[in-house]
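Structural features, examined
The lines below spell out each chain.
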Amino acid sequence: MNDQNIDFSMVLASAVHDMKNSLGMLLNSLDELRTEHEENLGESARFNTLQYEAERMHNDLVQLLGIYRLGENNLSAHIEEHFVPDFLTEHLARHTPLLQGLGIDVSVEAEDINGFFDEDLLTGVLNNTINNAIRYTRSKILLTAGERDGYLVIGVEDDGKGYPESMQHTGTLNFKSLDFKSGSTSLGLFFASSVAKLHSEGERSGSIKLHNGGSLGGGVFEIWLP
């Protein structure tokens, strides 16, 4: 036994991958249950909490796997062209039942533009950001998209209290500078920053911005992609 070299990071990554898949199956089952028993479960606080927390754990595991692959230099972006309004609308559809159950109004305001990005990676970023917005919003979430300074800017806004001063940020994040004592938010921001940075064109690379205001007056998350 002492002669065996066990790669614990690989073991943990494999376990995280299995847990992620199991949670994905659980979430599918919860979606089916909601559809089959809409009258009883649609506004059930306990059922909504169950689905929200399962979604949050699934997002965390997706991010952990992404960061592991990043550390192994095995995470890359597969850039393809997408019509942004369709991407956001389709993405939002999977969150709509839970949002309706929680009484949260959600809408999309997107320019009719195409964007070049990795759909799976950006989906992971938006899942986490929307999940975070659900946690802090009062009653509204808004997804936005447009072109600014030659970048595709996709935003998630809410009408909550906004980001504290310590979290408002522009650019890319350094893993060593993160404070994980505050919960999983830092992990999500590092993942989002890493995904943004994987999108580059010439000397330009993506970044994230966190600030307050926007059209809803709360927190605003933006990912800028060249």
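Note that the structure is predicted; figures quoted are calculated from it, not measured.

1. What to know about a nonpolar patch on the surface
Taken together, I6, F8 and V11 make up a surface patch of nonpolar side chains, about 290 Å² in accessible area. Note that I6 resides in the segment before helix 1 (8-36).

2. Comments concerning the packing of aromatic side chains
In this description, a pair of aromatic rings is defined by centroid distance and the angle of the planes. With the rule as written, the count across this model stands at two aromatic pairs. The ring of Y151 carries the charged tip of R204 above its face, separated from the ring centre by 4.6 Å. Over the ring of W224 we find K209, and its NZ or CZ is 3.7 Å from the ring centre.

3. Describing the domain arrangement of the protein chain
Domain boundaries assigned for the protein chain yield domain 1 (8-72) and domain 2 (80-225). Domain 1 and domain 2 are separated by 19 Å when their C-alpha centres are compared. With 16 residues of domain 1 in contact, the opposing surface of domain 2 contributes 16 residues. In total, domain 1 and domain 2 occlude about 1600 Å² of area from one another, counting both sides; carbon and sulfur atoms represent 61% of this. When the area that domain 1 buries against domain 2 is broken down by residue, the three leading residues are Y52, Q63 and I67, summing to 37%. Inspection of the domain 1/domain 2 interface yields one salt bridge. A salt bridge links R94 to E55, with the nearest nitrogen and oxygen atoms 3.2 Å apart. Viewed at the interface, domain 2 and domain 1 are joined by five residue pairs in polar contact (both at pLDDT 80 or more). If you tally residues by element for the side of domain 1 that touches domain 2, the top one is helix 3 (residues 45-71), at 13 residues. Residue composition of the side of domain 1 that touches domain 2, grouped by class: five nonpolar, six polar and five charged.

Thresholds applied
Residues numbered from 1 in each chain as written. Predicted model: local features only at pLDDT ≥ 70, side-chain atom pairs only at ≥ 80, totals over all residues. Heavy atoms only, no water. Patch = residues over 30% accessible without salt bridge, like charges linked within 9 Å, V, L, I, M, F, W, Y side chains within 5 Å. Areas by Shrake-Rupley, 256 points an atom, 1.4 Å probe, with all protein chains shown as cover. Salt bridge = Lys/Arg side-chain N within 4 Å of Asp/Glu carboxyl O. Helix = DSSP H or I, 4+ residues; strand = E, 2+ residues; numbered from the N terminus. Phe/Tyr/Trp six-rings, centres within 6.5 Å; stacked < 30°, edge-to-face > 60°. Lys NZ or Arg CZ within 6 Å of the ring centre and 35° of its normal. Domains from an automatic or database assignment. Contact = heavy atoms within 4.5 Å. Buried area = accessible area lost by both parts, 1.4 Å probe. Polar contact = N/O pair within 3.5 Å; in protein donor to acceptor, adjacent residues only side chain to side chain. Nonpolar A, V, L, I, M, F, W, Y, C, P; charged D, E, K, R; others polar.

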